[in-house]
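One-letter residues, chain by chain:
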Amino acid sequence: RLASFKTYNEIMIKNIDRINENNGKNFEYHIYGDGILKDELIILAKQQKSKIVFHGGVDYEKLPNIFNDTFIFVGVGTTIIESSSAGVPSIIGIGDYNAEACYGFFSQYDNYLLGEICTDCDIISFEEIFNDICKIDQKDYLKLSEKHRNKAKRFNIEFVAKDLVIFFNKSSSGDFNVKHSKLRYFFSNLTWLFLNRFRILND
């Protein structure tokens, strides 16, 4: 989704000309997804010399073909896992963070970071990370690709399920009976829908 907290799209658009000029490249930036920021981002994209393409929403089954033609992926959330499992070096964009920076490559962290705010993570500019990857040869690129495949395996449902079982076994003495009012939930949800419908909220 082209949502306001996904600031990396705007940052990449603003930096792609400089990235290409610094490295003698002709990278294109292809944006997948739709949302309220699309028109604003299109206006910004028209101000750049580099080719920027808006594809809108895409069917899930088309992702493998998209990843096959991708040099680097930039994003947050589960799509980082998808792109990494396809062997695409993936940069973790930062949500709700307006500096022209990112957390670097997905493979460099030994945690479950997928773009949420991280207080003790390394921050690097998009320009710098592209300058670095443009210097490596194909052999090192393939090594980086394999590191991403291996990191994505950590999110395999079999491993995640084992972690969940361990967690719940450790928590078995806790009280999981959550009491809630159905009427209160109904009005809370109705209020939330109303506020979003009239764009008072943007969730």
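See the structure above.
Presented here is a report on the structure given in the accompanying data block. The shown structure was predicted, so the numbers you read here are calculated from the model rather than taken from an experiment. Residues take numbers from 1 onward in each chain, read along the sequence in its written order. pLDDT decides what is reported in this predicted model: residues at 70 or higher carry local features, side-chain atom pairs at 80 or more are listed and counted, and totals for whole chains, interfaces and linings draw on all residues regardless. The basis for every side-chain value is the complete set of heavy atoms in the structure, and neither hydrogens nor water enter the calculation.

Some words on unusual backbone geometry
So, point 1. Even without being glycine, R199 reaches a positive phi, approximately 55°.
So, point 2. Starting at the N terminus, helices and strands are each numbered in turn, a helix being any DSSP run of H or I of at least four residues and a strand any DSSP run of E of at least two. Examined against the element boundaries, R199 turns out to sit in the segment after α8 (182-197).
So, point 3. Burial classes follow relative accessibility: with a 1.4 Å probe on protein chains only, a residue under 20% of its type's maximum area counts as buried, one over 50% as exposed, and anything between as partly exposed. Residue R199 is classed as exposed on the basis of its relative accessible area of 64%.

Concerning the state of the cysteines
So, point 1. For this text, the term disulfide refers to a pair of cysteine sulfurs within 2.5 Å. Enumeration according to the criterion identifies 1 disulfide in this entry.
So, point 2. One disulfide in the model links C118 with C121; its S-S distance is 1.9 Å. Of note, the bridge from C118 to C121 carries an S-S torsion of about 70° and is right-handed in sense. Taken individually, C118 and C121 each receive the classification buried, so the pair is uniform in this respect.
So, point 3. Free cysteine: C102, not disulfide-bonded; nearest cysteine sulfur from C121 at 11 Å.
So, point 4. The buried category is assigned to C102, whose relative accessible area is 0%.
So, point 5. Among the cysteines around C134, which has no disulfide bond, C102 carries the closest sulfur, lying 14 Å off.

So, the nonpolar core
So, point 1. Working definition of a nonpolar core: buried Ala, Val, Leu, Ile, Met, Phe, Trp, Tyr and Cys residues. They are joined through side-chain atoms within 4.5 Å. Core analysis: the biggest nonpolar cluster contains 29 residues, and I13, Y29, I91, F126 and F130 have the highest contact counts within it.
So, point 2. Mapped onto this core, the elements with two or more residues apiece are α1 (8-23), β1 (29-32), α2 (38-45), α5 (126-133) and α6 (138-153).
So, point 3. In this structure, F130 is in contact with M12, I19, N23, F27, I72 and I91, ignoring residues within four places of it in sequence.
So, point 4. With 18 residues, the next largest nonpolar core counts I66, I80, Y109 and C121 among its residues. Contacts are residue-level and defined by heavy atoms, with any inter-residue pair within 4.5 Å sufficient.

Here's the deal with the pairing of strand β2 (residues 52-56)
So, point 1. The pairing criterion is simple: DSSP has to find at least two bridges between the two strands. Taken together, the 4 bridges between β1 and β2 define a ladder with parallel strand orientation. Bridging from a neighbouring strand, Y29 pairs with I52 of β2.
So, point 2. Consider the strands pointing away from the viewer: the crossover is right-handed when the path from the first strand over the helix to the second runs clockwise. Read as a crossover between parallel neighbours, the route from β1 over α2 to β2 is right-handed.

Things to note about the layout of surface pockets
So, point 1. The space that makes up the largest pocket amounts to roughly 990 Å³.
So, point 2. Points on a 1 Å grid over protein atoms alone make up a cavity when a 1.4 Å probe fits among them but cannot get out, and a pocket when they form an open set with protein on both sides within 12 Å along at least five of seven lines; lining residues each have an atom within 4 Å of a point. Taken together, 33 residues make up the lining of the largest pocket; nearest its centre are H30, I31, Y32, I66 and F73.
So, point 3. Counting residues per element, the ones that place at least two in the lining of the largest pocket are α1, β1, α3 (63-68), β3 (73-75) and α4 (78-85).
So, point 4. Take the lining of the largest pocket: its biggest share by element is 5 residues, from α1.
So, point 5. Residue polarity is assigned by list, with Asp, Glu, Lys and Arg as charged and Ala, Val, Leu, Ile, Met, Phe, Trp, Tyr, Cys and Pro as nonpolar; anything else, Gly included, falls into the polar class. Residues of the lining of the largest pocket, tallied by class, amount to 20 nonpolar, 9 polar and 4 charged.
So, point 6. Approximately 240 Å³ is the volume attributed to the second largest pocket.
So, point 7. Around the second largest pocket, the lining residues are R1, L2, A3, S4, F5, G35, I36, N196, R199, L201, N202 and D203. Grid points are joined across faces, edges and corners, and a volume is the space filled by probe spheres set on the points.

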